[in-house]
Each structure stands twice: as C-alpha cells, then as structure tokens.
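# Coordinates in review
Each chain, written out:
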Amino acid sequence: MMSLVNRLPGIVFCLLAGLHAFAQPAAKHNLKFDHLAQRWDEAMPLGNGMLGALVWQKSDRLRLSLDRADLWDERKALDLSKLSFSWVEQQVLKKDYKPAQQLGDWPYDNVPYPTKLPAAALQFDLKALGPVVSNKLDIATAINTVIFQSGAVFRSYIHATRQAGYFEFEKLPASATRPLLPELEIHNYNSGKTAAQNDNSHAGEGLEKLGYAKGTVTANGNSIRYHQPTYQRHYFEVLVRWTKTGNRLTGTWTISSDQPARLPETDAKADRSSHIRWWTRFWQQSAIQLPDAAVEKQYYLELYKLGAVSRKGAPAITLQAIWTADNGSLPPWKGDFHNDLNTQLSYWPAYTGNHLDEAITFTDWLWKIRTKSQQYTRQYFGVEGLNVPGVVTLNGDPMGGWIQYSLSPTVGAWCAQHFYWQWRYSMDDQFLKTRTYPYIHDAAVYLENITRLKNGIRQLPLSSSPEYHDNSINAWFLNWTNYDLALAKFLFTAAAATATAMHLPAETGRWKKRLSELPAYNVNETGLTVAPGQNMESSHRHFSPYMAIYPLALLDINKPEDKAIIEKSFRHLQEKGTRAWCGYSFSWMASLYARAYQADSALRQLQIFASNFCSPNSFHLNGDQKGGQYSGFTYRPFTLEGNFAFAQGVQELLLQSRNGYIQIFPSIPSDWEDIRFTNLRAEGAFLVSGEMKAGKISRIRILAEKGGRATFKLPATCRIHSQQNMQVKSSGSGLIELNSKPGGILLLTE
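Model, not experiment: these values are computed from the prediction.

### Observations concerning the overall build of the chain
Tallying secondary structure elements over the chain gives 19 helices and 31 strands in all. Against the globule reference of 27 Å for 750 residues, the chain gives a C-alpha radius of gyration of 26 Å, in line with a compact fold. By the burial criterion, 63% of the 750 residues in the chain qualify as buried. Partitioning the contacts of the chain with sequence separation of at least 6, the portion at a separation of at least 24 is 67%. Here the chain displays about 26,900 Å² of accessible surface, and carbon together with sulfur accounts for 49% of that area. Taking the average location of the 78 positive side-chain charges in the chain and that of its 66 negative ones, the two points are 4 Å from each other.

See the structure below:
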C-alpha cells in the first residue's frame, strides 16, 4: 500500500517549510476587551512560574494583584502521629469512622493553615485617564496593554526569566491635577476586618484568621517596600520602584520570600527584548491550526497559561498557581497541591505539546519532596518505599482532609506516571537513571509492601475512588477499586519497563510477577465499575473508575476485549448525564472520547468547557457559568487543571501515544477538513507534524529526535514521500515500524 516516491530536495524543503509556517499565536488568539475586568478571576493574567499578577479594576483603581508561588504558611494542622493506615482500616472494619474524620479531616476544614498566601496589590488612580477603550493581552509576548480615552497607554509584563514585573504609562494627560504614582495596598492579615465571602468563589476563611503581626510599609520618594511577618520568623517583602519623566511613568516590582526584596538593575529595552525572546522560543515548540476558531483560541490561551505558571526552578502548579484569589480570603481549598487529580491534569498537555521544560517542574518538585514522601510512607503506611500525600504543602507535608484521597494509598503511582512520561517523551537516558527509575522503583516497592498476597492474588487493605461517596465511610472499599487497581497495574508495568531499560533483568522479572498477581478489572454490564459490587450509580465529577482508558492507556479500543469494556463504560456515563460534572470533567472526557475514536463527542466536550465553564479571561471556574445548562454546579472557584486538560483533549484528537504504537490524526471530528499541527511530541522522542486539506491527509513529517525504534499507525491513504537516516518497514493494518538514527526524518503524503 505504501510506495517510495523520489522527489527533488527542493520539494522536500517546501514540505518542511509549509509545516513550520505558523509557529506563533495570532492576534485572534489574544484576550481583548474594551474595559478592565471588575473581578480578580476575570483579570488579565501575567506570570513567569514564580511571580504572578492579575490586571483588573477595583473601584477607581487599576489594580495588579501580586503573587509569588512559594509564599506559604507551612504551619502544621494535621497531626499524623495520631493516624495510621492500619488504624483507619480498623475504624472502617468496626464501622466507627467518626474518629478518623475528626483526626484526618477536621484540621483541614477548621484550621486556616497550612495555605498558599497572596502578597499585595499595586494600584493606580484612574480618574485622570478617562474610560478604557482597549485592554489587550498579547499572548505571543505576554504583555498587557491598556489604552485610555485620554490617549494614555499602560503596559505591564512579568519578565520571563528575571524575578521582576514591569509597568509603564505613556502619554499621561498634562491636565491631571496630581501626579499618577503607584500605590500599594496590603492584604488584611492584621486588619481586624473579616472579608465578605459572597463572590461564589468557594473562598476560605479571611486572611486575618492567620494572626500575623502587622506589616510595615516604607515609602521613599520613588519606591515602596512592604515587609510582612508571617509565622515562626518567616516573612515576605514586596518592593516597587519607579521613575517619572514628563508624561511617562516606568517602574518595576518584585516579591521575595524570607529575604530582603531586591530589584535587579534594569535596561528597559534589553529586558523587554530578552523577555520576548523567551516567549518566542516557547511558542516555536509546537503549533496547531483548527477549523473551530473557539476551540483553537482556547487551546492557545491554555498554552499561554502553561508558559506563565511553569518554569524551571519554580514550584509545581498548585490549584491556582501564581494567581491566588484577591478577595481578602484564603484561596479555594487553600491553593494547595492536590495530587488526586489537579497537579497531574495540569501537566498533561506539556508532553504531547512539546513543552518538556515546563513538564519537568512537576517531577523536580516531586523529587525535592521525595525524602518527606518516604518519611510519610514509613510513618502513615508503616512500610518502606515511596507514596505521596494526595493533598500536600509546598515542602511536602500532608495536609489531610477527606483522607480517602488526601492520604490515598496510590497517589504515588499517579505521580510516578509523570516521571515515566518525562523519560518516554524525551528518551533522556540520564533522566531515566537518576530520576525515573529510582522514583518508580521506590513507588513500586511501597506498593509491593502495602499489599497482601492472598490465594495468589494481591490485595490492598483499603481502597477508594476519588471522590465517590465523598467523605463517608462508604468511600472506603475492602476490595480494589478500579482506580487503585489501574494505578497499581500501571506502576508495576512501568517498573518492569524501566528496569528493562536499565538492563536489570531480575528487577524486570520481579515487577512482572507483581503485575501478574493483581486481579482483573471489575467489569459488568455498565463497563468499568467503581469497585466490586459498586456501579457508578449517578452522575459524578471524577472519572476515577476509567483511569485505565486515560490517562494510563492500559485499555485500547483496538483490542476487541477492551473495546467492549470501553463502549459499555461510555454508554453508562452518558446515561448518568453531566449534572454532577465540574469543568475539568468535560476536559478529561474529551481525552477519554478521543481514545475511543469518538471524535465528535470529544469535540463537544471541549466546546462545552470553553463556552460554559470559563471566565472571560479563560480561567476554569469549575461551575457552569450559564446558570446550570450542563451542570448543577454553578459556583465559580478558579482552579487550573480543567484548563490544561482541555489543551490535552485537543492534542489527543491529533496525535496519540498508545500502548506500544503512535497514531497520527487518530480522532478527527467529522466536520473538520483543514487541520495543521507542527512538532507535537510522541513517546520515543518523535516530533510529528501533519496537515489535512479538504478532509484528506496532505502531508506528515516524523522526526526522530533521539533515533531508535517505534511503531506508527497511519491513515490508510498515506504514502512514503522520502526518508533520511531512517529505515521503514510496513507491518500491515496501517502499521509501519521505524528504525532511525538521531535526526532521521520520514515524510509522508497523500
């Protein structure tokens, strides 16, 4: 079916150039309004992974809500010495669960710390500037520009790599009665005022509940320094500095944690240039072009947010990352690291999207807290190895709250998948040796130790399925849930694969043996159940029973036995409806549908998410913002995981790394005809570009970054156009096997 066609080198160059012609986002992808947002969660978001700002209007002030990723109150509320997994098991068996709730859940719900902290707000009086006529966030450069009716122009950005935010006003009106100068508003850490909680954002307690000493603000001509003590001799500082020349005001700001704030020496022109260069490189990593303008725009806004919140050396992405709520209260769910879904989904698009530098911030953080995770594993589970708290502080301390999930026995397995993906998508041998293999090995040792072998079958003492039955005793199961079981199957599979890559045959055999000791998934007429004897009885926000379909990719629609399970599961989900779904449910469901080649259904989930569950600035607000059209949740707590899962849902339509093979254009909606993507990344470190015209494959390019072997499943009509440093063998059924040298290229055409 495939034939080698020889072409002139010039034609090959044209094919390559055509696939690289749209590397930057376009003006149509920008956020643009004729006003400033009146709410913090609709503001223009700026960030560099460590520093963040939200640009909006509060009363008659232009406001920049300032934030820093590592501003945390790390005081402990959970006393883990009074809890253990075996003790919780006994409480469940005695059907006396209230003591476990009091010890494990009460501190999270009733003590304001530990928590993420907001910093301050930088403000400017708008009275002399007149109404706003344009407010644009250029995502190609991460620069926000506001134009006023008076002719004044305001610009702001946070430098991509330096810990400084920049602002400037140009063309300030000469008629202003007093100079326009920065003002710093500090939060109510010690105001004695209780913040109003009527914004439907699921805000926590007021910041004054933290009980900090009053901060000090020192103004000196052209600078303001704010020093805020927090807890146990910790503090943070905000420093603002500016210059006023004629009708122009320029300035910088920064935030420090546990050290005096210092602003770097700046050269405005050079700083702006280096900032833009970073974002140019970021956008050159990959690109897409879709026939659905709304989905395409949302996709680019999600990638912009990924670039804004993830940076080497910064903490991993929390629920809100660097955009902590600016409403006088603690952020929703304390702005913490939720590893029972939120952090994992937040990094999904970084792998296929060819943003491995951004993805590695998650594994870097997990590695940083590895020692504490091992200590937690010994203390709470009573065994050696490594598990990770499901709800955790910046420094790795468990926070508790609904301990079925916050202290779940399989969180480490889901975290380990990101070490596995970072290796598989990069094929970085050093990362395999120093990070992936040690982490997955330790996680597998823990799971081996915590499970019990009975009649040749490995059992987990207690199992749960986020967040089925919420926080009741019924949320615990004495048999494997499909959620925990799928994670165990993945972990032992990954442990065997990494041991093989490390040339450790005994270890490979060990983990294959453990895998063989696990039971089969629990399946009935509803497809994958929650657990034996427990069907998914109603609409539910968390697709934990379906982990084996995605993200773990253990079940494959192309296998007849798996196909039946997947299709039954989806029919059951559809019967139960979406009334109890949150925004991230629709995003996740898009990837699930894409894996089953139900492209039109996948697209519909993406469209619903973008239209109903996002703020005007694209922030995922969890609830249905159109009054309950698709969900009974109509609140608006901002969290990021739904945004990033959306981006991966788009990428899953275009390229999928499956269990042992890679598929190009796997799940294309029926009315999509003209599509292009450039440099999406597949497992094995293959960079793939493709184009469809009028519903037919026009061209595909596969670049083997590191070389090696891979199997690709291609559209039936593809023909080999040319190949360089790569051997290609057809194995039938649309499958080709590649054996490439580093840098090898395969070009395919219709």
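### Focus: the packing of aromatic side chains
Counted by the stated rule, this structure contains 54 aromatic pairs. An angle of 45° between the planes, with centres 4.7 Å apart, marks the rings of phenylalanine 154 and phenylalanine 169 as tilted. Of the two residues, phenylalanine 154 sits in strand β10 (residues 153-158) while phenylalanine 169 sits in strand β11 (residues 165-170), which places them 15 residues apart along the sequence. Accessibility assignment for this pair places phenylalanine 154 and phenylalanine 169 in one class, buried. Relative to tyrosine 304, the ring of tryptophan 279 lies with its centre 5.3 Å away and its plane at 25°, an arrangement referred to as stacked. Remark: tyrosine 304 occurs in helix α6 (residues 293-309) and tryptophan 279 occurs in helix α5 (residues 268-283); sequence separation between them is 25 residues. Each member of the pair, tryptophan 279 as well as tyrosine 304, carries the same accessibility label: buried.

### Overview of helix α14 (residues 482-501)
Look at α14: 28 Å from first C-alpha to last across 20 residues, which is about the 28 Å you get at 1.5 Å a residue. Of all 20 residues in α14, 16 are buried, a share of seventy percent or more. Remark: histidine 503 follows α14 within two positions and exhibits a positive phi of approximately 60°.

### Some remarks on a negative patch on the surface
On the surface, a cluster of negative charge is contributed by Asp600, Asp671, Glu673 and Asp674. Inspection of the secondary structure assignment puts glutamate 673 in the loop between β25 (662-664) and β26 (675-682). Note on glutamate 673: relative accessible area 44%, which makes it partly exposed.

### Concerning the sheet that holds strand β3 (residues 51-58)
As summarised here, the arrangement of the five strands in space is β2-β3-β4-β7-β12, forming an open sheet in which the pairing is antiparallel. Both edges of this open sheet fall to β2 (44-47) and β12 (183-186), since each of them pairs with a single strand only. Strand-to-strand twist in this sheet, taken as the mean axis angle between neighbours without regard to direction, amounts to 25°. Here four bridges tie β2 to β3, and the two strands are oriented antiparallel to one another. Its bridge partner being in β3, methionine 44 is matched across the sheet by valine 55.

### As for empty space enclosed by the protein
Here the structure, examined in full by the defined rule, presents one cavity of 30 Å³ or more. Taken as a whole, the largest cavity spans an internal volume of roughly 40 Å³. Lining the largest cavity, in full, are Glu74, Arg75, Lys76, Ala77, Leu78, Pro114, Thr393, Asp397, Pro398 and Met399. A breakdown of the residues in the lining of the largest cavity according to their chemical character gives five nonpolar, one polar and four charged.

### A short note on the pattern of salt bridges
All told, the structure shown has 43 salt bridges when counted by the stated rule. Here glutamate 42 makes a salt bridge to arginine 636, at a shortest N to O gap of 3.3 Å. With glutamate 42 in the loop between β1 (31-33) and β2 and arginine 636 in the loop between α18 (599-612) and α19 (641-654), the pair connects residues that are 594 residues apart, well separated along the chain. We classify glutamate 42 as partly exposed; its relative accessible area is 22%. Arginine 636 gets classed as buried once you look at its relative accessible area, which sits at 12%. Note that aspartate 67 and lysine 116 form a salt bridge whose closest N and O atoms lie 2.7 Å from each other.

### Things to note about the packing of α6 against α18
For any two helices packed against each other, one specifies the inter-axial angle together with the distance between the axes. One way to put it is that α6 packs onto α18 with a least axis distance of 10 Å and a crossing angle of 70°. One finds that α6 runs roughly perpendicular with respect to α18. By crossing handedness, the relation of α6 to α18 is classed as left-handed. Where α6 approaches α18, its residues Val295, Gln298 and Glu302 are matched on the opposing element by Leu603, Leu606, Gln607, Phe609 and Ala610. Per-class residue counts for the contact of α6 with α18 are five nonpolar, two polar and one charged.

### A few points about the nonpolar core
By size, the foremost hydrophobic cluster in this structure holds 231 residues, and its most contacted members are Trp253 and Phe712. Per-element accounting of this core gives the leading share, twelve residues, to α14.

Rules behind the numbers
- Residues take numbers from 1 onward in each chain, read along the sequence in its written order.
- At least 70 in pLDDT is required for a residue's local features to be given in this predicted model, at least 80 for side-chain atom pairs to be given and counted, and no such filter applies to totals for whole chains, interfaces and linings, which use all residues.
- The basis for every side-chain value is the complete set of heavy atoms in the structure, and neither hydrogens nor water enter the calculation.
- Strands are runs of DSSP state E lasting at least 2 residues, helices are runs of H or I lasting at least 4, and numbering of each runs from the N terminus.
- With the radius of gyration taken over C-alpha atoms, the globule rule is written as 2.2 Å times the number of residues to the power 0.38.
- Exposure classes here rest on a 1.4 Å probe applied to the protein chains alone. A residue is buried below 20% of its type maximum, exposed above 50%, and partly exposed in between.
- Contact between two residues is taken to exist if any of their heavy atoms lie within 4.5 Å; hydrogens are not considered.
- In these tables, accessible area is a Shrake-Rupley quantity obtained with a 1.4 Å probe, and a residue counts as shielded only by the protein chains included in the view.
- Within this scheme the basic residues Lys and Arg register as positive and the acidic residues Asp and Glu register as negative, but His and the chain ends are omitted.
- A charge is said to be at NZ when it belongs to Lys, at CZ for Arg, at CG for Asp and at CD for Glu.
- To pair, rings of Phe, Tyr and Trp, with the six-membered ring standing in for Trp, must have centres within 6.5 Å; the planes then decide the type, stacked if under 30 degrees apart, edge-to-face if over 60, and tilted in the middle.
- Helix span, expected: 1.5 Å multiplied by one less than the number of residues in the helix.
- Patch membership is restricted to residues that have no salt bridge and whose relative accessible area is over 30%. Joining uses 9 Å for like charges and 5 Å for the nonpolar side chains Val, Leu, Ile, Met, Phe, Trp and Tyr.
- We define a salt bridge as a side-chain nitrogen of Lys or Arg found within 4 Å of a carboxyl oxygen belonging to Asp or Glu.
- Strands pair, by our definition, only if DSSP identifies at least two bridges between them.
- All axes are obtained by fitting lines to C-alpha atoms, using only the stretch in contact for helices, and the reported angles, taken between N-to-C directions, cover 0 to 180 degrees.
- A pocket, in this scheme, is an open set of points on a 1 Å grid over the protein atoms alone with protein on both sides within 12 Å along at least 5 of 7 lines, while a cavity is a set where a 1.4 Å probe fits but cannot get out; residues line either one if an atom lies within 4 Å of a point.
- Grid points are joined across faces, edges and corners, and a volume is the space filled by probe spheres set on the points.
- Any residue outside Ala, Val, Leu, Ile, Met, Phe, Trp, Tyr, Cys, Pro, Asp, Glu, Lys and Arg is labelled polar, Gly included; the first ten of those are nonpolar and the last four are charged.
- The scheme is simple: roughly parallel for angles under 35 degrees, roughly antiparallel for over 145, roughly perpendicular for 65 to 115, oblique for anything else.
- Two helices crossing with the near one rotated counterclockwise from the far one by less than a right angle form a left-handed crossing, whereas a clockwise rotation gives a right-handed crossing.
- By convention a nonpolar core is built from buried Ala, Val, Leu, Ile, Met, Phe, Trp, Tyr and Cys residues, the set being connected through side-chain atoms within 4.5 Å.

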